[in-house]
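# Topology and contacts: notes
Each chain, written out:
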Amino acid sequence: MDPLLVIANAAAGSTDADRLERGLAVLRARASVEVAETGNPGELDGVLHRAGSRRIVVAGGDGSLHAVVAALHRRNDLHGAVLALPRSGRATTSRAVSACRWTSRRPHTSP
């Protein structure tokens, strides 16, 4: 599996620390994982700047996903970006991550 960059919004209400740690344990068993907590758009831009070729996993809710997609768009890095949004709740640690490959027109979900 490709190396992963997990981005967690430090202020997001849906980013429960225990759930995040359980999900990280599953990911770390299969890939190299770096976690970055961000609290504002400037921090998020810095994290994305250092992402390199790592796959981005957004740990949070729709607001966190929107922030990452908007930042990638501002940076002209959205085309071809691969993002994952783990399912929330108890299924987070037992189910696969939902991934999207973004193109210039619309997202394509991968199985």
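As a starting point, this report considers the structure included with it. (Residues numbered from 1 in each chain as written. Predicted model: local features only at pLDDT ≥ 70, side-chain atom pairs only at ≥ 80, totals over all residues. Heavy atoms only, no water.)

## Describing the pattern of salt bridges
- By the definition in use, this model includes four salt bridges.
- For D2, the salt bridge goes to R55, with nearest N and O atoms at 2.9 Å. A residue pair is termed long-range when its members are at least 10 positions apart, and D2 in the segment before β1 (4-9) and R55 in strand β3 (residues 55-59) qualify at 53 residues.
- On the basis of relative accessibility, which here comes to 37%, the residue D2 falls in the partly exposed class. (Salt bridge = Lys/Arg side-chain N within 4 Å of Asp/Glu carboxyl O. Helix = DSSP H or I, 4+ residues; strand = E, 2+ residues; numbered from the N terminus. Buried < 20%, exposed > 50% of the residue type's maximum accessible area, 1.4 Å probe, protein only.)

## Side note on the side chain of T38
- Here T38 is to be found in strand β2 (residues 33-38).
- Of the residues examined, T38 reaches a relative accessible area of 6% and is grouped as buried.
- Setting aside chain neighbours within four positions, we find T38 in contact with I7, A8, N9, A10, E43, L44 and V47. (Contact = heavy atoms within 4.5 Å.)

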